[in-house]
Amino acid sequence: MRVIIRHIQSLTQETYVDLGAAIGMRGLLVGRRQNGSTDWSVNELGRIARHWGFELSCLFTTVKDAVAAMDEERLTELRAAKGLSPLDLKPSTPVAA
């Protein structure tokens, strides 16, 4: 779950402070949860999932599945807030030989 959070943070470019503000926590506490000093509560994880626009269960799957479940419009919003261009999360279609 920490790996998924870290990966999605890399996509959104959200810092611990940004994520904390979005879910009603101090950035320092987000950092402690992410480095394993303290555990995430289910409630906190639910707020992260809602912030990113997917179900809580997505935080307990694989990185690939969590990213696939993420709403692209929400990702675009979060990236735009950082002045970043949109990402295309759709897998590329292989070209026939």
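Residues numbered from 1 in each chain as written. Predicted model: local features only at pLDDT ≥ 70, side-chain atom pairs only at ≥ 80, totals over all residues. Heavy atoms only, no water.

Some remarks on the overall build of the protein
Secondary structure assignment for the protein yields six helices and zero strands. Reading the protein from its N terminus to its C terminus gives the helix and strand order α-α-α-α-α-α. Principal-axis analysis of the C-alpha atoms gives the protein an extent of 50 × 30 × 20 Å. Counting only residues that meet the buried cut, the protein has 34% of its 97 residues in that class. Of the contacts formed within the protein by residues at least 6 apart in sequence, a portion of 52% connects residues at least 24 apart. When the accessible surface of the protein is summed, it comes to about 5,900 Å², and 56% of that surface belongs to carbon and sulfur atoms. Positive and negative charge centroids in the protein, built from 12 and 11 side chains respectively, lie 8 Å apart. (Helix = DSSP H or I, 4+ residues; strand = E, 2+ residues; numbered from the N terminus. Buried < 20%, exposed > 50% of the residue type's maximum accessible area, 1.4 Å probe, protein only. Contact = heavy atoms within 4.5 Å. Areas by Shrake-Rupley, 256 points an atom, 1.4 Å probe, with all protein chains shown as cover. Lys, Arg positive; Asp, Glu negative; His and termini not counted. Charge placed at Lys NZ, Arg CZ, Asp CG, Glu CD.)

Let's talk about the environment of D18
Along the polypeptide, D18 turns up in helix α2 (residues 16-23). Expressed as a C-alpha distance, the spacing of D18 and E44, which sit 26 residues apart in the sequence, is 14 Å. Among residues more than four places away in sequence, those in contact with D18 are Q13 and K82. Polar contacts involving the side chain of D18 include one to the side chain of K82, which spans 2.5 Å. (Polar contact = N/O pair within 3.5 Å; in protein donor to acceptor, adjacent residues only side chain to side chain.)

Examining helix α4 (residues 42-52)
The complete set of buried residues in α4 reads E44, L45, G46, I48, A49, H51 and W52. Buried positions along α4 lie against α1 (2-12), α2, α3 (27-34) and α6 (72-81). Phi turns positive one or two residues past the end of α4, at G53, with a value near 85°.

Concerning the nonpolar core
By size, the foremost hydrophobic cluster in this structure holds 21 residues, and its most contacted members are I5, I8, W40, I48, W52, F54 and L59. Beyond its immediate sequence surroundings of up to four residues, I48 is in contact with I5, L19, I23, W40 and L59. (Core = buried A, V, L, I, M, F, W, Y, C linked by side-chain atoms within 4.5 Å.)

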